[in-house]
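# Summary of the model geometry
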Amino acid sequence: MINVENITKRYRTLTAIEKVTFTVKKGEILGFLGPNGAGKTTTMRILTCFTSPNEGTVQVAGFDCFEQALEVKKRIGYLPETPPLYHELTVMEYLLFVGRLKGLPSWRIPSRMDSVIEQVGLGEVRRRIIGHLSRGFRQRVGLAQALLHDPPVLILDEPTVGLDPKQIIEIRELIQSLVGSHTILLSTHILTEATAICQRVTIIHKGRIVAVDSPERLSARLRQSEKMSLTVKAPPPDWIERLRAFPGVMSVFQGPSIETCLIECKLGHDIREDLARFVVNQGIGLLELKTVSMSLEDVFLHLTQHDEPPPPTDPLTQEIL
Ligand SMILES: Nc1ncnc2c1ncn2[C@@H]1O[C@H](COP(=O)(O)OP(=O)(O)OP(=O)(O)O)[C@@H](O)[C@H]1O
Ligand SMILES: [Mg+2]
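Throughout, residues of each chain are indexed from 1 in the direction in which the sequence is written. Each chain takes a letter, starting from A, and each ligand takes a number, starting from 1, following the order in which they are written. Restriction of local features to residues with pLDDT of at least 70 applies here, the model being predicted, together with a cutoff of 80 or more for giving and counting side-chain atom pairs; totals for whole chains, interfaces and linings are based on all residues.

## Quick word on the packing of helix 3 (residues 91-101) against helix 4 (residues 109-119)
What describes two packed helices is the angle between their axes and the distance between those same axes. Axes, fitted as lines to C-alpha atoms, cover a helix only where it is in contact. Angles between the N-to-C directions of the axes lie from 0 to 180 degrees. Only DSSP runs of H or I reaching four residues or more are called helices, and only runs of E reaching two or more are called strands; each is numbered from the N terminus. For the pair helix 3 and helix 4, the least separation of the axes is 10 Å and the interaxial angle reads 125°. Taken together, the axes of helix 3 and helix 4 are oblique relative to one another. The handedness of the crossing between helix 3 and helix 4 is right-handed. Taken together, the residues of helix 4 that come into contact with helix 3 (itself represented by M92, L95, L96 and G99) are I109, R112 and M113. Split into classes, the residues belonging to the contact of helix 3 with helix 4 amount to 5 nonpolar, 1 polar and 1 charged. Roughly parallel means an angle under 35 degrees; roughly antiparallel means over 145; roughly perpendicular covers 65 to 115; every other angle is labelled oblique. Each helix crossing is assigned a hand: it is left-handed if the near helix lies turned anticlockwise from the far helix by less than a right angle, otherwise right-handed if that turn is clockwise. In this description, any two residues whose backbone-derived C-beta atoms lie within 7 Å of each other are considered to be in contact. Gly falls in the polar group here, along with every residue not listed as nonpolar (Ala, Val, Leu, Ile, Met, Phe, Trp, Tyr, Cys, Pro) or charged (Asp, Glu, Lys, Arg).

As structure tokens, then:
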């Protein structure tokens, strides 16, 4: 549904994005992750035809963003970083204005307004002035304008930024309800958000794509060892040394409490059974034994901590580049 191929955008001497390539399949939600200034908004502005790339091509629903911008715009709902709202209008007045602006036939506007107001939960504030609404509700109005012309593709630039935890959950649920019927590209800084709602994530760093995969596969691919945490009731004084002698164990550290230790083993060595046997034989009382997986946060930091971005970890992207 979205095909981005080798796009580069330069602002004078600054290269905002370089050779960015990715695809989003129909009905899929792709998370676009990256630190400040990574190039997320720039890429989204190209996709929504607000600006054009210096190199490369972008297609949305089979239409070229440069040659057939109007066709692309008809099929895209865009929620920019700052929603384009008129604060002195009421929600209904604003949506009516957006409907006309988007060229919807006048007979269709009232039913579409009712439908999006219901969809994003704006019923109780439909007659209120936008400037008087809370930030969460204003964000919903932003989503409503993006959905008004019923586009198959949604481009959402950090839709939950600045919201309180309750509002974040509500907006996330709303976005999740749109997956399947819409193809969504969602940018975020919040890693848990990407894990919670995105089937795949793209990590962009200094204008380059450094990884594309499912959150689970990304963390599995970057894992270089198996980590597990063991908590017992009565740890003997020498247990750390004895655990270090287990075959396959690379390191053992105590903490965060005296009863817990973190064990790192070679990849492919699952020593949980051995550990369980050790605890039972010693009679030291097993309280907890669990594997510790690499979070998307670890993956993100791993991929974005270097000055020069590492090459992409997605074999497909690597091939294209
Ligand atoms: N119109 C512009 N003129 C000059 N430089 C720009 C312009 N727009 C963006 N840039 C630069 O391009 C780079 C990428 O910016 P962009 O806004 O795409 O990042 P981002 O990933 O959206 O960051 P954030 O998470 O802070 O929103 C930045 O260095 C930014 O300063
Ligand atoms: Mg941005």
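## Points about the nonpolar core
As used throughout, a nonpolar core is a set of buried Ala, Val, Leu, Ile, Met, Phe, Trp, Tyr and Cys residues joined through C-beta atoms within 7 Å of each other. With C-beta atoms placed from the backbone, a residue counts as buried when 20 or more other C-beta atoms lie within 10 Å of its own, as exposed when 12 or fewer do, and as partly exposed for counts between those limits. Counting residues in each nonpolar core, the largest one holds 63 residues, and the members touching the most others are L47, V60, A144, I155, L185, L186 and I203. If you look at the next biggest cluster of nonpolar residues, it comprises 8 residues, including L230, V232, I271 and L275.

## Regarding helix 1 (residues 40-47)
Judged by how many residues are buried, helix 1 sits mostly within the fold: 6 of 8 residues are covered. Remark: C49 follows helix 1 within two positions and exhibits a positive phi of approximately 65°.

## Quick look at the sheet that holds strand 9 (residues 200-205)
Note on pairing: DSSP must find at least two bridges between two strands before they are called paired. Here 6 strands make up an open sheet; going across it, the order is 6-7-8-3-9-10 and the pairing mixed. One side of each edge strand has no neighbouring strand; the edge strands of this open sheet are strand 6 (76-79) and strand 10 (208-213). When strand polarity is set aside, the average angle formed by the axes of neighbouring strands in this sheet is 15°. The sheet contact formed by strand 9 and strand 10 spans 5 bridges and is antiparallel. Looking at strand 10, one finds that I203 is bridged to A211. Together, strand 3 (29-33), strand 7 (153-157), strand 8 (183-188) and strand 9 form the strand contacts of helix 1, whose direction differs from that of strand 7 by roughly 150°.

## Examining the domain arrangement of the protein
Segmentation of the chain into domains, including their bounds, is taken from an automatic or database domain assignment. Annotation of the protein at the domain level lists domain 1 (2-220 + 299-320) and domain 2 (224-291). Placing the centre of domain 1 and that of domain 2 at their C-alpha centroids yields a distance of 44 Å.

## Quick notes on the site of ligand 1
Residues are counted as near a molecule or strand when the C-beta atom, derived from backbone positions, lies within 6 Å of that molecule or strand. For ligand 1, the full set of nearby residues is Y11, L14, A16, G34, N36, G37, A38, G39, K40, T41 and T42. Broken down by element, the residue count for the shell around ligand 1 peaks at 3 residues, all from helix 1. Here the residues of the shell around ligand 1 sort into 4 nonpolar, 6 polar and 1 charged.

## A word on the environment of L262
Inspection of the secondary structure puts L262 in strand 13 (residues 260-266). You can call L262 partly exposed: it has 15 C-beta atoms within 10 Å. C-alpha separation for the pair L262 and M228, spaced 34 residues apart in sequence, amounts to 5.8 Å. Residues contacting L262, with those up to four places away along its chain left out, are K227, S229, F253 and G255.

## Description of the environment of E288
Structurally, E288 is set in strand 14 (residues 286-291). C-alpha separation for the pair E288 and L230, spaced 58 residues apart in sequence, amounts to 5.7 Å.

## Details of the confidence of the model for the protein
This prediction gives the protein a mean pLDDT of 86; 90% of its residues lie at or above 70. Residue-level confidence of the predictor is what pLDDT reports, using numbers from 0 through 100. A low-confidence stretch, residues 313-321 stays under pLDDT 50, and its non-local contacts, those more than four residues away or across chains, total 16 contacts.

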